[in-house]
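Notes for the structure review
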Amino acid sequence: MTVRTDDLRIAAVRELVAPQSLLGQLPADEAALATVGRARREIHRVLHGADDRLLAVVGPCSIHDYAAAVAYAHRLLGEARRLQGELLVVMRVYFEKPRTTVGWKGFVNDPHLDGSFAINEGLSLARKLLLELNGIGMPCGTEFLDLLTPQYLSDLIAWGAIGARTTESQTHRQLASGLSCPVGFKNGTDGSVRVAVDALRAAAAPHAFIGITKTGQAAIFETSGNEDCHLILRGGRAPNYDAASVDAAARELAAAGLAPHLMVDFSHANSAKQYQRQLAVAADVAGQLAGGEERIVGAMVESHLHPGRQDLVSGTPLAYGVSITDACLGWEDTVRLLDTLAGGVRNRRLVRAE
């Protein structure tokens, strides 16, 4: 009798479309590539102090409705152009959601929101959305969670994030070392900045690791390291957006030989998961900027067409433009917040000119 030892808990295996096949079906056009390339260059300049604008990554906690995402992008693009002298705006276009236990894992994993896990369709819809947004001139940022999805989408991403739950993951640090876009690492869920500092040092170094090529072939990738990685303060057991926390984080970065530049996430633990408190966080950060603080180079905001959040319940219609994951600011408050940040940047310039 042969003892079976493999795939004992695998219920099914379905074929995954090869990255090359999807990229062939939905190729990046010149307009989309121009948006991505320009945004990456501008973000690089902000991160390295050559551009004094504030990088603002703004948008829904997660994408679940294609049409609502496009509508939001058109509104955000208008604000990005209005405030382009002070802010470099990138839209949050998050397709993958880490879960503490179980739940909806994002647009790529379950685009129909019904547990059908049409992942091939999710990848196709995600790429189509990125093409459309970049095509109108709206650069996109996303969180890299699954290690395979970058082969399908990363050519259309201007800025990426590694979340608090995966900052300590060696495989995600290796991934970041080879990505073509700037990448922000969040501090740990407990508030530890040290794990993110370690991640930045690791991602800046060369690595060799196993992955899949565009053709779907397993391969060994060798990277040269990513010079555009940076810290994102997202809070932990306590908020860490205040001046003392920013100073402590910047000193820790400098002690590790890293540029003391960082981004502040206005949501998550920094807002105690109370979405409206993002306005108070923005006011505090804008005040720091107005006082001459140059180490804060970016901000992250969770925002949607309408405020709050809603539960995903089978058989119950969803309200349009309302998040189904973390609660988000509504559009009117988003505009107010962006104006607050732009004012902080303008005042920082006045301080510098004195």
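Preceding this section is the structure that the text describes.
These lines cover the structure that appears in this document, whether it is placed above or below. Going along each chain's sequence as written, the residues are numbered from 1 onward. Totals for whole chains, interfaces and linings use every residue, but because this is a predicted model, local features are given only for residues with pLDDT of at least 70 and side-chain atom pairs only at 80 or more, for both listing and counting. To get the side-chain values, take all heavy atoms of the structure and skip hydrogens and water.

This next bit is on unusual backbone geometry. Residues other than glycine seldom take positive phi values, yet Leu 113 does so here, at roughly 60°. At His 268, a position not held by glycine, the phi torsion is positive, near 55°. In DSSP terms, a helix is any run of H or I states spanning at least four residues, a strand is any run of E spanning at least two, and both are numbered starting from the N terminus. Among the structural elements, His 268 can be located in the loop between strand E9 (262-265) and helix H9 (278-290). Partly exposed describes any residue whose relative accessible area lies between the buried limit of under 20% and the exposed limit of over 50%, with all areas from a 1.4 Å probe on protein chains only and scaled to the type maximum. Given the relative accessible area of 12%, His 268 is considered buried.

Okay, the packing of helix H3 (residues 66-82) against helix H4 (residues 119-135) next. To get an axis, fit a line to the C-alpha atoms, keeping to the stretch in contact for a helix; angles then go from 0 to 180 degrees between the N-to-C directions. Between H3 and H4, the least distance of the axes is 11 Å, while the angle of their chain directions is 20°. Taken together, the axis directions place H3 and H4 in an arrangement best described as roughly parallel. The way H3 lies across H4 gives a crossing that is right-handed. Facing Tyr 66, Ala 69, Val 70 and Ala 73 of H3, the residues of H4 in contact are Leu 125, Lys 128, Leu 129, Glu 132 and Leu 133. Throughout this description, any angle smaller than 35 degrees is read as roughly parallel, any larger than 145 degrees as roughly antiparallel, any in the 65 to 115 degree range as roughly perpendicular, and the remainder as oblique. The sense of a crossing depends on the near helix, which, turned anticlockwise from the far helix by less than a right angle, makes the crossing left-handed and, turned clockwise, makes it right-handed. We call two residues contacting when some pair of their heavy atoms lies within 4.5 Å.

Another point: the sheet that holds strand E1 (residues 54-59). When DSSP finds two or more bridges between two strands, those strands count as paired. An order of E1-E2-E3-E4-E5-E8-E9-E10 is seen for the eight strands of this closed barrel, with the pairing classed as parallel. Averaged over all adjacent pairs, the angle separating strand axes in this sheet is 30°, with direction ignored. Relative to E9, strand E8 (residues 229-233) is paired through three bridges, and the arrangement is parallel. Within the sheet, the bridge partner assigned to Ile 232 lies in E9 and is Met 263. In the packing of helix H6 (residues 170-178) onto the sheet, the strands contacted are strand E4 (159-162), strand E5 (183-186) and E8, and the crossing angle to E5 comes to about 160°.

What follows concerns the pairing of strand E2 (residues 87-92). One face of the sheet, then the other: side chains in a regular strand alternate in exactly this way. The buried fraction of E2 is high, at six of six residues. The pairing of E1 with E2 spans five bridges and is classified as parallel. Across the sheet, the residue bridging to Ala 56 is Val 89, located in E2. Crossover E1 to E2 through H3 is right-handed. Pairing of E2 with strand E3 (residues 140-143), which is carried by two bridges, proceeds in the parallel orientation. Residue pairing for E3: Met 91 is matched across the bridge by Cys 140. Viewed with both strands pointing away, a crossover whose connecting path from the first strand over the helix to the second turns clockwise is right-handed.

Here H3 crosses helix H10 (residues 331-353) at 20°, and the two axes come no closer than 11 Å. By the angle class used here, H3 and H10 are roughly parallel. For the element pair H3 and H10, the recorded crossing hand is right-handed. Two secondary-structure elements touch here, H3 through Tyr 72, Arg 75, Leu 76, Glu 79 and Arg 82 and H10 through Trp 331, Thr 334, Val 335, Leu 338 and Asp 339.

Bringing the nonpolar core into the picture now. Counting 81 residues, the largest nonpolar core has Met 91, Phe 95 and Phe 266 as its most contacted members. Here this core gets nine residues from one element, more than from any other, and that element is H3. Excluding anything up to four places from it in sequence, Phe 95 contacts Ile 63, Lys 105, Gly 106, Phe 107, Val 108, Ala 126, Leu 129, Leu 130, Thr 142 and Leu 153. Residues belong to one nonpolar core when they are buried, are Ala, Val, Leu, Ile, Met, Phe, Trp, Tyr or Cys, and are joined through side-chain atoms within 4.5 Å.

Below, the discussion takes up the pairing of E1. When you tally the buried positions in E1, you get six out of six residues, the bulk of the element. Covered by surrounding structure in E1 are Leu 54, Ala 56 and Val 58 together with Leu 55, Val 57 and Gly 59, the residues of both alternating faces. Where E1 and strand E10 (residues 296-302) come together, five bridges link them in parallel fashion. Looking across to E10, one finds that Val 58 is bridged to Val 301.

The subject of this paragraph is the packing of aromatic side chains. By convention, a stacked pair of Phe, Tyr or Trp rings (six-membered ring in the case of Trp) has centres within 6.5 Å and planes under 30 degrees apart, an edge-to-face pair has planes over 60 apart, and any other such pair is tilted. Across all of its chains, the model carries three aromatic pairs by this definition. On the basis of an interplanar angle of 20° and a centroid distance of 6.0 Å, the ring pair of Phe 209 and Phe 221 is categorised as stacked. In this pair, Phe 209 sits in strand E6 (residues 208-212) while Phe 221 sits in strand E7 (residues 218-222), placing the two residues twelve residues apart along the sequence. Overall, Phe 221 belongs to the partly exposed group, its relative accessible area being 27%. Two thresholds decide whether a charge sits over a ring: the Lys NZ or Arg CZ must be within 6 Å of the ring centre and within 35 degrees of the ring normal. Taking the ring centre of Tyr 94 as reference, the NZ or CZ of Arg 92 above it sits at 3.8 Å.

Of all the residues in H6, the buried ones are His 172, Arg 173, Gln 174, Leu 175, Ala 176 and Ser 177. Those residues of H6 that are buried are in contact with helix H5 (150-153), E4, E5, helix H7 (194-203), E6 and E8.

Another aspect to go through is the pattern of salt bridges. Basic side-chain nitrogens of Lys or Arg form a salt bridge, by our definition, when they fall within 4 Å of a carboxyl oxygen of Asp or Glu. With the rule as written, the count across this model stands at 18 salt bridges. Across the pair Asp 339 and Arg 82 runs a salt bridge whose closest N-O atoms are separated by 2.9 Å. With a gap of 257 residues between them, Asp 339 in helix H10 and Arg 82 in helix H3 connect regions that are remote in the sequence. With a relative accessible area of 44%, Arg 82 lands in the partly exposed category. Each of the salt bridges in this network shares a partner with another, and the network as a whole consists of Asp 52, Glu 294, Arg 349 and Arg 352.

It is worth spelling out the state of the cysteines at this point. Two cysteine sulfurs form a disulfide in these notes if their separation is within 2.5 Å. Here the structure, examined in full by the defined rule, presents zero disulfides. Of the cysteine sulfurs around Cys 181, a residue in no disulfide, the closest is that of Cys 229, at 8.5 Å. Look at Cys 181 and you get buried, because its relative accessible area is 1%. On the basis of relative accessibility, which here comes to 17%, the residue Cys 229 falls in the buried class.

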